Each structure stands twice: as structure tokens, then as C-alpha cells.
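Single-letter residue listing:
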Amino acid sequence: MVSRAQRSLVGDWWWTIDRSLLAALCGLMVIGLVMLMGGGPPVASRIGLSTFHFVERQALFLLPALLLLVIISFLDARLIRRLALFVYCAGMVLVVAAIQYGPEIKGAHRWISLMGVSIQPSEFVKPAFVILTAWAFSEAARRPDLPAVWIAFALLPLTITPLILQPDFGQTMLITAVWAGMFFIAGLHWFWVMGLGGIGVIGIIGAYNLLPHVRERITRFLDSDAGDTFQVDMALESFARGGWLGRGPGEGTVKRVLPDAHTDFIFAVTAEEFGIAVCLVIVVIYAFIVLRGLLLAGRNEDAFSRLAVSGLLLMFGLQATINMMVNVNLLPAKGMTLPFISYGGSSLFSLALAAGFLIALTRKRPRARLQPRAYVPRPAGA
Amino acid sequence: MSTPDRDQTEPTQSPDEAPSRGLIGGLVAGLRELFRLRGDKGRARIGLAAFAFTILFAALAGRLVQLGIDTGGEETMRRASVSSLGTARPDIVDRNGEILATDVMSYSVFAEPRNIIDPDEATELLTAVFTDLDARRLRDRLSTDRGFIWVKREISPRQRAEVHRLGIPGVGFLPEHKRVYPNGFAAAHVLGYANVDNEGIAGIEKWIDGQGLQDLEGVGLLKTAADLAPVELSVDLRVQHAMRDELLKAKKEFRAIAAAGLVLDVRTGEVVALVSLPDFDPNNPVDAQKDENINRINVGVYEMGSTLKALTVAMALDSQKFNINSTFDARAPLQFGRQRIRDYRGQNRVLNVPEVFVHSSNIGTARMALELGIEHHREFLRRTGQLERLRTELPENAAPLVPRRWTEVNTATIAFGHGLAMAPLQAAMATAALVNGGYLITPTFLKRSEDQARRNATRVITEETSEAMRYMMRLNAERGSAGNSSIAGFYVGGKTGSAQKVVNGRYAEGVLLTTFFAVAPADDPRYLFLTILDEPKATPNTHGFNTAGWNAAPTTGNIIKRTAHLLDIPPRFNPPEQPFPLMTRLGAWGTQ
């Protein structure tokens, strides 16, 4: 055990991080691996890979991802902002490159091969985007004379335009929602909240009218007889068959016909094999992470940390709830993975990055350390 | 703000600025306010976000719980049937542990139309095995893209092997529980039956479902029939069988349209046997819903006729206004407007109480009730449970038909058993109270001890009145209409009843419902026997009579003869000495 008496780098880290949050995140990773043993094999055998291909890969990624999480959690706010800027820039370059050079998979250019490893750069852009936005908004509140607020405003279109071009509707919606939520937490006047809410509604109506596949999905959700509801039907059947206690590991049968059983619909597979009771436990873990994180954010004295932590949790929480709500047919089908449980290397590392940021920014820090350089506020307008 | 916040660096407006700018200045300030980011609001808004997430997670958890307990449609049907438990039911056993109903495993064929490649071929092959299936309907159902349909429930092992050999993709078998009643007709009306999904539909089977079993299964807590304790009935299968056999013979001999019988333990209220003919086979209950197959003991309501006089006489003795030696004028018929009450076998003289009972005097009993008054009469009938619906474990029951306006005529006629119709079980409950020392015990179909029965019993008449009733019933067997039931050695007492049936709204001459109540042994009764014959016809053996003394009473006698040893009534070769000490002391008519 790490001693409190001696001040060491690791000791400081261990006694200042929020250990319950870290435990919950690690718990999710482990649960994810177990769940993937249910959801992975049918997909693997369907596309002709070895049975435990996805499980092995995920297990292989898990340790490096955990390592990444821990390393990043050692960083202080300044280093985090710099790292985020770097990741964001590199990510955006790759996103654009993917559109141009990436292979087309299911009608979208989201992947790019980098030194033989296929990655989805938009995943890495997400946490970096949150950090940069948080930084811009907190600077804007602190020093209204700097153009930080314009940077915050510019970040959104800059990020989502390439995503729309990919196209990646789910990520676009998520990033927009997170951005709007952070803007709200940053202290947006209620006038704008209502106004932007209105624009959001108009945006959804516009998407419904202009983008055929969005329209199709919404119609399908609202009217179960219209078109193909296969995925959702199968997901619901999984819940029905699983019941409270499930049919037992490996006993699921609906997963064999359920598309994306290892990613988007892994929650339904979990229900069939491990039961709704386990699903409820998973929901509780996500709720714990989000609510515990928001509590810590609320206590945080530093505006940047507060915003960044809230933004990361918004992203994490929204992604989790949207995915699970799609699985239980509370929302129309949408390509969204379940954080730490769905299969995906890029997604896992991106989440590790985000979780590292989260742990780092929720560390207990003495007030003096918050602002390394003394800053004397000038009265604005003077 | 109560706590200093470093992030709140917004300057406060200098006090002299605002008034000098005027209206435009206010507007500008307002606009600037609109664009200002209020970092100090952060905490509250994070709280708001946390609140929103709480709602989202709660909705998700709620939906999961809903999915967990959701019922309805194909999914549930599939789930209910896929889990091999189906719906397991507890065994039903009689009071000696003999199996009356049990579950056996059988197989059902289902199809997944979604996975069937060639519905036409599948239909052709399946109908070759199940020749009774409607080919067109099956083809239509197989041609849909549904996930699950039943092809045929509860098939034989041979059929299963044949379908298995066909090897049609998308066709499979599910093990199911099938309810089996090894004794067939014997206790049909008590047991009721379960449907193909093993849900109780009638009788004790339905009562079992009402005990929360279905709910337990609904949440998946019950897995096998072994988890369920057998339901122990008060019924004795041997008595049940013997009585059914005797009733079948009587029904045939007297060409009755229906017959029913009941054996009630007067000390515990347990129904030891209940038979109602015609009946049905619970294994194949296609006839169970027919009108003529109702449970005549529980559900049929009848004017019980003279058997109800026992209640009137007991009421009279229990009122303290009369004693066993009181006399009643039966010389002339009673006149009520156009209605006239007369005796079937008129004695045309003054009768004492035992004589009224033994000669079954309508005039005598009517006078008893009239002298006590309408209110006293109604109160006594209510106390003995005759005016309200009797509820037992069997879900089938019926409310008595009570006259809406209760006048003196009603009291007079109800006194001898007309004008008030009730379920025979109800009348049996009251009659049992008359002979068991005065305790009204709600009948039960479940095994119970005397102590349990006594706990909920209420006293309705005195011990002395009860002895008088036993005495008169025994007297009736020795000297009156119940003679044909008097089986030597068992000291039987009884009371006959022959009620004219209402046909097309009028009492019809010669169309009778004959009833007979017997108690054995009369000096210390253990059992009450009730036999009902609906529209018995006269035969050469009965010398042209069709009243209860000629059919219901001898039938009861036969039943007692066959079941007494099963019921543990020891035969006595000498009549008991001093069976009714009080009656002897009072010098009642017939004791000399």
C-alpha cells in the first residue's frame, strides 16, 4: 500500500485521485470483457474470424488502455490542455484524411489505416474537443477581453463539419449535445438556452426532412410497422428471453441474428445471457460514475476543471444512456457504442484518454496549485 | 454568493454609470448581460445536469424493470412455453393421499415461420402426421414472418418421433406440463380442470391459481412441480367413487334428469364427497361448460322442500317459546288470500312438535314460523347462513334467491321449504349445525382438524335443541318418511323433502325435486349425507310414488351401506341405550 507519510509522486497521486471513480471505471472494463465473451463470438463466426477474436483483441488492448488512463491521470491541468490540443489537431488531420483516403465501410469513411493499424480518428477527437471547449469557455468567462469565446464557438463547426462529411450522424449529434451542455454549464444566459434549444429542434426537423436515413430511422421508431425494425425487435426479444436472471453465459440465441451484437447491441446480448438484473447493475455503475463525477465537478474550485469534467461526463453519460435506451427501444436506432463494454480498440483508447482526463481533473488539489502563475484580475472595461 | 469565487471576475457596475446612460444604456447593458457568461452559475447548472441524468438513468432502470415483468403478446407466450416449466401445478391429493390430479410431461410442436424455407412443403409434411390439422390455415400461418406459432399442443411420443424424422427446419418441440386426472370423472366437480396452458379454469384448480402461484411463476421464482407442496383435499376418493356409483344407479332407476350427493363431516365442515350428475371428465373437459353439467351442490339453487322444515322446527324449539311437547293446530288448511296451505298427508288434528316433524306437516311448521314472526324467522335464517352467498374454496357458487318483499305468506311457505331457493351445500351447512351440537361451520374442501373448524364456528342453536333435532330425525327414520334409509346398525336419522318444481312459472304437479338429509349415527352424528334427485319418476317398485321417501331416501341408504365402513362408522348390533336422555326426561312424544 502506498504510504501517506511519504510524499512521492505515486503517493500523491493515490491519495488525491477519486478512488471510487477509478474503481468503477476499472469495474466497467472488466465487465465489458465478460460481456464481450457473449456478444463477440457470434459476430466473429459470422464474418469468419476465430471464435474469440474480439475478446482476445479487447483483452490485448485492455492493459495498454489502463496504462494510458493511469499515466494521463498524473498530468496537471496545463499539460492536459496541451495534450488535448495535440490530440485534437492530429485527430482532425486524420479525420480529414479518412474522408479522402479511408476505405468505405457501411457507406461511411470513418476509418484510416495508420502503420498497419486501423483506427477511427473521430473517437480520439471527442475527449480532446471537450477539453479544448472547456478551456475556451472558462477563459471566456474569466477574461472577456480575450477572443476565447469565439474559439469556443468556432470549435463546434470545425469539428462536426468533417464528421457530417464522413458521414457520422451519431457522433455529430453527441458532440453537438456535449458542446451545448458545456455552454450551458459555462453560464449561458437562459435567453440563449431557449434560443439554441429552438435551433436544435429546428435542426432535428431539418435532418428529418433532408437526410433520408435519419427520416427512415425516426419513422421506424415511431411506427413499428413501417419498414424494417429487425434490430430493435431482436433486441427486445433478447430482453424477453433473458428475463431477470438470463439464460446463462453462452446460452443466448438471439445474439446470433442480432447485428452488431459486439458493439451497439451488446447490452441486449447481456440481457439475454446474464439477465436484466445484471443490466440494472450496469446502469447503476454508469449512473454512479456520472453522478459521482458531477458531484466532484460541482465541488471543484477551478472553472476549467469544472467545465472539462462536466463535459467529459456529459459525453460519457450521454453515450451510455443513448446506447442503452436504443437497446430497450426508448430511442430510435442510432450507431452509438456502450462505453467500455462495446468492442472497439479506438473507442477503448479514446475512453481511456477521457477517463484519464477525468481522473486527473477530479484530483484533490490545494488551491495554490490551481493557478501556477499568479494572475491578478483586471477590472474589465477599465 | 456566500463563498468567494475566484472565477467570478465580472466587475460590478459602477453605481454612477447606469442612470447617466438612460434608456439606450439600459438596453446596451441588457444586451451585454445577455452575452455575458455567468461562470458563477456553474455549480447550479451542474446540479441541473446531474438531475437530468438522474431522470435518464431512472427511466432506463424503469424500462428494464418493465421489460423484466412485461407480459403480453408473442414474446411472453414464447417465454412461458420456452422455459420448460410451463406452468407447473401442485399435485392434488385426497384426504388419504391418493393422487387426484398431477402433472406429466408432454411435448408440443411449434414452428418459427420466419425460419421456414418452404411453407408449402412444411404444411404437407406436418398434416401427414397430424391429419386433424386444417392444412389451409396452417399454410397461412406458416407463410407469415412471425417468430413463433404453435402447430399442435400435447402430442404423443410417436407423433413426436415422426415429426422429428421429417427434419423440417424451423419446426421444434417444447416440453410442457400436461394436467392429468387419473380418476377421471370421480371428483370432477370438486377438482374442476386446467386448460392446455395449465392454468386452472374451474374448481379447486382455479382456487390454486388464486393462491399467488401464477405471480410467483411470473417473476420466475418457481421452477419445478417439486417445489410445490401437494394440495390436500378433504375429499375421500373411495367415498366419492362409491357415492357416484350409487347415484348413477339411482339416476338410471328413477329416470331422473340429474342427481347429486354430498357427504359432510358435521364436526369439521369437511366435504368428504361431492358428486353432481351429469358430470364431465376433467382430462377432456369439452362438456364441462354445458348447462346440465353444473355443480348442483354448489351452484344450483333449489327450493329445498320439506328438508327445510328441520330449520323451522329447530328455530321454534330454540326460541324458548315452544318446547318439545308444544302443540300446533293442523286441523284445517291455512288460508292466505287465494293461497291455501295444506298437508301432503293430512292428519287433521292437533300435532305436537315431533309429530309435525315426522308427518312433515306444512300447516304445523307454517304456524311455528308465523307465531314467531317474520323478523324472528328472517333473523334465524340469516344467522344460519341461508340468506347470503356461501363462499368456499370452489370458485363456483351462487347467491340464494330471497324474496324481495317478505310478507307473512313468505314466512309461512319458507317455513316448509318453498319460496326460498338456496345452494344445497348451504342447506347442508345449516342442517349440520342442527345436529352437531349447534355449531355453524363453513364447509371446506381442504383437509382440516376439528380444532381448526371450531375456531371459526359460531353457535346458532343450543345443545338441547340440537339433541331434540337428532331425536326427531331418528324418530323420522323409525316411524316416518325416512324409513327407507334406515340401515340396520348405523342408527341413521333423516328428513325427506319433495319440492314441486316450477315449470313455466307455476308449481307443477308431480314434477319433483326430491332431497334427503341423513345423519349417522343419530345419537352422536359424524356425517351428514345429502341426496338430491331431479325429476325422479315413479317405478313399479315404488308403487307409483315419486316422493323423496321412495327414491332419495333409499338411495341415501345404499350410499350409507356402501360407505359407512370407509367413513369409520362402526356398526352397532344393539341400538344405543339412552341415546337422547333429555328427550326421555321431557317425556317427548315417541320416547314411551
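Residues numbered from 1 in each chain as written. Chains lettered and ligands numbered in written order. Predicted model: local features only at pLDDT ≥ 70, side-chain atom pairs only at ≥ 80, totals over all residues. Heavy atoms only, no water.

Trainee: Quick question: what am I supposed to make of the overall build of chain A here?
Mentor: When helices and strands are tallied, chain A shows 15 helices and two strands. Nonlocal contacts in chain A, meaning residues at least 24 apart in sequence, comprise 72% of its contacts between residues at least 6 apart. Looking at chain A as shown, the accessible area adds up to about 17,000 Å², and 68% of this sits on carbon and sulfur atoms. (Helix = DSSP H or I, 4+ residues; strand = E, 2+ residues; numbered from the N terminus. Contact = heavy atoms within 4.5 Å. Areas by Shrake-Rupley, 256 points an atom, 1.4 Å probe, with all protein chains shown as cover.)

Trainee: In this structure, what is going on with the pairing of strand 2 (residues 99-111) of chain B? I would like to understand it.
Mentor: Within a regular beta strand, the side chains point alternately toward one face of the sheet and then the other, so they alternate between its two faces. Residue and element names in this part refer to chain B. Strand direction decides the pairing type here: strand 1 (residues 92-93) and strand 2, joined by two bridges, are antiparallel. Each bridged residue has a counterpart across the sheet, and for Ile92 the counterpart in strand 2 is Ala101. In textbook terms, the turn of a hairpin is the stretch between consecutive antiparallel strands, and for strand 1 and strand 2 this stretch comprises five residues, one of which, Gly97, has a positive phi near 90°. (Pairing = 2+ DSSP bridges.)

Trainee: Whenever I open this one, the pattern of salt bridges confuses me. Can you help?
Mentor: A side chain with one charge may pair with a side chain of the opposite charge, provided their charged atoms come close. Residue and element names in this part refer to chain B. Under the definition given, this model contains 32 salt bridges over all chains. Its salt-bridge partner being Arg562, residue Asp245 comes within 2.5 Å of it at the nearest N-O pair. Placement of the pair is Asp245 in helix 9 (residues 237-253) and Arg562 in helix 18 (residues 552-563), with a sequence separation of 317 residues. Note on Asp245: relative accessible area 27%, which makes it partly exposed. Here Arg474 makes a salt bridge to Glu478, at a shortest N to O gap of 2.9 Å. In this pair, Arg474 and Glu478 both sit in helix 17 (residues 463-479), four residues apart, roughly one turn of the helix. With a relative accessible area of 48%, Glu478 lands in the partly exposed category. A network of salt bridges, in which partner residues are shared, links Arg89, Asp103, Arg179, Glu205 and Asp209. (Salt bridge = Lys/Arg side-chain N within 4 Å of Asp/Glu carboxyl O. Buried < 20%, exposed > 50% of the residue type's maximum accessible area, 1.4 Å probe, protein only.)

Trainee: Just checking my understanding: could you explain the sheet that holds strand 19 (residues 506-520) of chain B for this structure?
Mentor: Strand pairing in a sheet relies on backbone hydrogen bonds, with the paired strands running either antiparallel or parallel. All names here are of chain B. Across the sheet, which stays open at both edges, the five strands sit in the order 9-8-20-19-18 with antiparallel pairing between neighbours. Whereas interior strands pair on both sides, the edge strands pair on one side only; in this sheet they are strand 9 (271-277) and strand 18 (493-503). Strand-to-strand twist across the sheet, computed as the mean angle between neighbouring axes with direction ignored, equals 15°. Relative to strand 20 (residues 527-534), strand 8 (residues 258-265) is paired through eight bridges, and the arrangement is antiparallel. By the bridge assignment for strand 20, Ala260 is matched with Ile532. Across the sheet, helix 17 touches strand 18 and strand 19, and the angle it forms with strand 18 is around 80°. (Axes fitted to C-alpha atoms, helices over the stretch in contact; angles between N-to-C directions.)

Trainee: Would you mind showing me how to read unusual backbone geometry here?
Mentor: Backbone geometry follows two general trends: most residues other than glycine have a negative phi, and most peptide bonds adopt the trans configuration. Residues and elements named next belong to chain B. The omega angle of the peptide bond from Leu277 to Pro278 is -5°, so this bond is cis rather than trans. Ala520 connects to Pro521 through a cis peptide bond whose omega is -15°. In this structure, His543 takes a positive phi of about 55° despite not being glycine. With respect to the helices and strands, His543 occurs in the loop between strand 20 and helix 18. The backbone of Asp568 sits at a positive phi, close to 65°, despite the residue not being glycine. Topologically, Asp568 is positioned in the loop between helix 18 and helix 19 (581-586).

Trainee: Whenever I open this one, the nonpolar core confuses me. Can you help?
Mentor: Side chains that are nonpolar tend, in soluble globular proteins, to be buried together. Formed by 118 residues in total, the largest nonpolar core has its most connected members in A:Phe239, A:Phe267 and A:Tyr286. For this core, the leading source of residues is helix 13 (residues 303-327) of chain A, giving 15 residues. Every residue in contact with A:Phe267, bar those within four places of it in the chain, is listed here: A:Phe239, A:Cys279, A:Ile282, A:Val283, A:Asn323, A:Met324, A:Asn327, A:Val328, A:Leu338 and B:Leu64. Within the second largest apolar cluster, 98 residues are counted, among which are B:Ile92, B:Tyr181, B:Tyr302 and B:Leu381. (Core = buried A, V, L, I, M, F, W, Y, C linked by side-chain atoms within 4.5 Å.)

Trainee: Help me understand helix 10 (residues 230-242) of chain A in this model?
Mentor: Owing to its 3.6 residues per turn, the α-helix aligns residues three or four sequence positions apart on the same side. Residues and elements named next belong to chain A. Between its terminal C-alpha atoms helix 10 stretches 18 Å, which fits the 18 Å expected from 13 residues at 1.5 Å a residue. Within the span of helix 10, buried status applies to Val232, Met234, Ala235, Glu237, Ser238, Phe239, Ala240, Arg241 and Gly242. In the stretch just after helix 10, Gly243 is the one whose phi turns positive, near 65°. (Expected span 1.5 Å × (residues − 1).)

Trainee: Please explain the confidence of the model for chain B as it appears in this structure.
Mentor: Detailed reading of the predicted coordinates is not advisable wherever pLDDT falls low. Residue and element names in this part refer to chain B. Considering every residue of chain B, the mean pLDDT works out to 84; 89% of them sit at 70 or more. Taken together, the stretch residues 1-20 has pLDDT below 50 and engages in 20 contacts with residues farther than four places along the chain or on a different chain. Low pLDDT, under 50, characterises residues 71-85; the stretch is placed with 31 contacts to residues that sit more than four places away or in other chains. The complex prediction reports pTM at 0.55, with the ipTM value standing at 0.87. (pLDDT = per-residue confidence, 0-100.)

Trainee: What am I meant to see in the pairing of strand 4 (residues 171-180) of chain B here?
Mentor: All names here are of chain B. Counting buried positions along strand 4 yields eight of ten residues, so the element is predominantly enclosed. As judged from the ten bridges shared by strand 2 and strand 4, these two strands associate in the antiparallel manner. In the strand pairing of strand 4, Tyr107 is matched with Pro175.

Trainee: Explanation requested: a positive patch on the surface in the structure shown.
Mentor: Residues and elements named next belong to chain A. Taken together, Arg4, Arg19, Arg299 and Lys364 make up a surface patch of like positive charges. On the secondary structure map, Arg19 appears in helix 2 (residues 19-46). A residue is classified by how much of its surface remains accessible, and Arg19, at 31% relative accessible area, is partly exposed. (Patch = residues over 30% accessible without salt bridge, like charges linked within 9 Å, V, L, I, M, F, W, Y side chains within 5 Å. Lys, Arg positive; Asp, Glu negative; His and termini not counted. Charge placed at Lys NZ, Arg CZ, Asp CG, Glu CD.)

Trainee: What's the story with the packing of helix 11 (residues 266-274) of chain A against helix 13 of chain A in this structure? I'm lost.
Mentor: A pair of packed helices is characterised by two quantities: the angle between their axes and the separation of those axes. All names here are of chain A. At a closest axis distance of 8 Å, the pairing of helix 11 and helix 13 adopts a crossing angle of 60°. On the basis of the axis angle, helix 11 is oblique to helix 13. Residue-level inspection shows Ile266, Phe267 and Ala268 of helix 11 in contact with helix 13, the latter providing Asn323, Met324 and Asn327. In terms of residue class, the contact of helix 11 with helix 13 is built from four nonpolar, two polar and no charged. (Parallel < 35°, antiparallel > 145°, perpendicular 65-115°, else oblique. Nonpolar A, V, L, I, M, F, W, Y, C, P; charged D, E, K, R; others polar.)

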